[in-house]
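What follows is each chain in one-letter form.
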Amino acid sequence: MLNRALPHALFRIFGHRVCCGSIPGWTAHIGQKWDTYDVAPYNLYNVTWRAQHWVLQNCDD
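Residues numbered from 1 in each chain as written. Predicted model: local features only at pLDDT ≥ 70, side-chain atom pairs only at ≥ 80, totals over all residues. Heavy atoms only, no water.

Peer 1: I'd like a description of the overall build of the chain, backed by residues and values.
Peer 2: The secondary structure content of the chain amounts to 3 helices and 0 strands. Reading the chain from its N terminus to its C terminus gives the helix and strand order α-α-α. Here the chain, with 61 residues, has 21% of them falling under the buried criterion. In the chain, once contacts between residues fewer than 6 apart in sequence are set aside, the share between residues at least 24 apart is 42%. Surface accessibility of the chain: about 4600 Å² in total, with carbon and sulfur atoms responsible for 64%. (Helix = DSSP H or I, 4+ residues; strand = E, 2+ residues; numbered from the N terminus. Buried < 20%, exposed > 50% of the residue type's maximum accessible area, 1.4 Å probe, protein only. Contact = heavy atoms within 4.5 Å. Areas by Shrake-Rupley, 256 points an atom, 1.4 Å probe, with all protein chains shown as cover.)

Peer 1: Run through the packing of aromatic side chains, naming residues and quoting values.
Peer 2: We describe a pair of aromatic rings using the distance from one ring centre to the other and the angle between the two ring planes. Enumeration over the complete set of coordinates arrives at 1 aromatic pair. Between Tyr-37 and Trp-49 the ring centres are 5.0 Å apart and the planes differ by 20 degrees, which places this aromatic pair in the stacked class. Pair noted here: Tyr-37 is in the loop between α2 (17-20) and α3 (44-59) and Trp-49 is in helix α3, with a separation of 12 residues, a long-range link. (Phe/Tyr/Trp six-rings, centres within 6.5 Å; stacked < 30°, edge-to-face > 60°.)

Peer 1: Give a description of the environment of Gln-52 that names residues and reports values.
Peer 2: Summarising the element assignment, Gln-52 is placed in helix α3. Of the residues examined, Gln-52 reaches a relative accessible area of 12% and is grouped as buried. Considered as a pair, Gln-52 and Ile-23 are 29 residues apart in the sequence and their alpha carbons are 9.5 Å apart.

Peer 1: Which residues make up the environment of Pro-41, and what values do they have?
Peer 2: Along the chain, Pro-41 falls in the loop between α2 and α3. Residue classification places Pro-41 among the partly exposed residues on the basis of a relative accessible area of 23%. In the structure, Pro-41 is positioned 10 residues away from Gly-31 in sequence and 9.3 Å away in space, judged by C-alpha atoms.

Written as structure tokens, this is what we have:
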């Protein structure tokens, strides 16, 4: 229950933008050189993608 409180709160605040919104292309140029998330996990695009994926997985009821 507690592990779902944060994603549910984020979803209530931001709606579908937090899980389904498109990630801006410029984020691929921040942090590590862009590559797939398993190769460049600290690229801003990949961090944002993982956060969206986490919220989406934890909001499924």
